[in-house]
Amino acid sequence: MKCTQCDNVSMFVLSAAPGKSDLPLCLDCYFKFIKVISIQQEANERLMNYHASMLEFQVGMPLNLPKFPDRKSVTIGGVTLNNIKIDNSSIGVLNTGSLEIIDSSISVLDRSNEKNVSQSLRELTEAIYSNKDLSNEAKKQLIDMISVISSEAVLPKDKRRSAAILPIIAQIASIMSGSNALVQLWVHIKPILESLFN
């Protein structure tokens, strides 16, 4: 099936309202859609913070109203990351497309109250890039695999391709085997990710 926005093969389907057609999207178009949603969410958060500040201004005293925390974005190699902290020394090993997909997926999962999953993806991604035991090639391979998992994780449960993702999850441990720190982290994260696709 082709993407409705370009000539690429679709990988995702956006569910439409009842009576409307679903929208098949390729990875690139789906990523752009997620990025737009994330930008809209950030704009809404800033507007709500503004209204809270205006209310405090009109009352003339701080009311300690709840506010959304500032998003601390980092730009590395032309890519802006809102959720993942990666040191500039890692630029040479970055797969920026995969990183953007993971970062956007984390934003979506945070908004969907899947904090356990988003935190796991964040920790795992940062741990892989800061790891000294793995080769750059192994790091790239792992990040590509995590980007595929994260892009499926944001889909509704009945739309996730579990048969394709579970073997990827199983393969990650063998690539990480050269690092004890990553293996120990994976022991905690693997069941969280597996639960999404079972």
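Let me sum up the structure you'll find in this document. (Residues numbered from 1 in each chain as written. Predicted model: local features only at pLDDT ≥ 70, side-chain atom pairs only at ≥ 80, totals over all residues. Heavy atoms only, no water.)

## Some details on empty space enclosed by the protein
Short version of the rule: The pocket and cavity definitions rest on a 1 Å grid over protein atoms only: a 1.4 Å probe that fits but cannot leave marks a cavity, an open set with protein on both sides within 12 Å along at least five of seven lines marks a pocket, and residues lining either have an atom within 4 Å of a point. Grid points are joined across faces, edges and corners, and a volume is the space filled by probe spheres set on the points. Here a strand is any run of E in DSSP of at least two residues, a helix any run of H or I of at least four, and the numbering for each starts at the N terminus. Here the nonpolar group is Ala, Val, Leu, Ile, Met, Phe, Trp, Tyr, Cys and Pro; Asp, Glu, Lys and Arg are the charged ones; every other residue, Gly included, is treated as polar.
On inspection of all chains with the given rule, the structure shows one cavity of 30 Å³ or more. In this model, the largest cavity occupies a volume close to 40 Å³. Lining the largest cavity are Leu27, Tyr30, Phe31, Ile34, Ile101, Ser104, Ser105 and Ser151. Broken down by secondary-structure element, the contributors of at least two residues to the lining of the largest cavity are helix 1 (27-59) and helix 2 (96-111). For the lining of the largest cavity, the element with the highest residue contribution is helix 1, accounting for four residues. Tallied by class, residues from the lining of the largest cavity come to five nonpolar, three polar and no charged.

## A closer look at helix 4 (residues 136-153)
To keep things clear, this is the line we draw: What a helix should span is 1.5 Å times the count of its residues minus one. Only protein chains enter the area calculation, which uses a 1.4 Å probe; residues under 20% of their type maximum are buried, those over 50% are exposed, and those in between are partly exposed.
Spanning 18 residues, helix 4 covers 25 Å between terminal C-alpha atoms, matching the ideal 26 Å at 1.5 Å per step. Of all the positions in helix 4, only Ala138, Lys139, Leu142, Ile143, Met145, Ile146, Ser147, Ile149, Ser150, Ser151, Glu152 and Ala153 are classed as buried.

## Side note on the side chain of Glu56
Selection criterion: Contacts are assigned to residue pairs that have any heavy atoms within 4.5 Å of one another.
By the element assignment, Glu56 lies in helix 1. With near-sequence residues (within four places) excluded, Glu56 lies in contact with Met61, Pro62, Leu63, Asn64, Leu65 and Lys67.

## As for helix 2
Given a rise of 1.5 Å per residue, 16 residues ought to cover 22 Å, and the 23 Å separating the end C-alpha atoms of helix 2 matches this to within 8%. Of all the 16 residues making up helix 2, 13 are buried; the element is thus mostly covered by neighbouring parts of the structure. Of the residues flanking the end of helix 2, it is Asn113, one or two places downstream, whose phi is positive at about 60°.

## Re the environment of Ser179
Secondary-structure assignment places Ser179 in the loop between helix 5 (162-176) and helix 6 (180-197). Between the C-alpha atoms of Ser179 and Asp133, which are 46 residues apart in sequence, the distance is 5.6 Å. What Ser179 contacts, discounting residues up to four positions off in sequence, is Asn131, Asp133 and Leu134.

## Considerations on a nonpolar patch on the surface
We apply this condition: Here, patches come from residues exposed beyond 30% relative accessible area and free of salt bridges, joined within 9 Å for like charges and within 5 Å for nonpolar side chains (Val, Leu, Ile, Met, Phe, Trp, Tyr). The method behind every accessible area is Shrake-Rupley, applied with a 1.4 Å probe, and residues are considered shielded solely by the protein chains displayed. In what follows, salt bridge is the name for a side-chain nitrogen of Lys or Arg lying within 4 Å of a carboxyl oxygen of Asp or Glu.
Taken together, the side chains of Leu55, Val59, Met61 and Leu63 present a nonpolar region at the surface, about 330 Å² in accessible area. Looking at the secondary structure, you find Met61 in the loop between helix 1 and strand 3 (74-76).

## Considering the pattern of salt bridges
For the structure on display, the rule yields five salt bridges. For Lys2, the salt bridge identified is with Asp7, shortest N-O distance 3.3 Å. Here Glu152 ties to Arg161 by a salt bridge, and the two come within 2.6 Å at their closest N and O atoms. Classification of Glu152 as buried rests on a relative accessible area of 0%. Accessibility expressed as a relative area gives 36% for Arg161, which makes it partly exposed.

## Comments concerning the environment of Phe33
By the element assignment, Phe33 lies in helix 1. We classify Phe33 as partly exposed; its relative accessible area is 33%. Taking C-alpha positions, Phe33 is 9.8 Å from Ser104, a pair spaced 71 residues apart along the chain. Those residues in contact with Phe33, other than ones at most four positions away along the chain, are Leu14 and Leu25.

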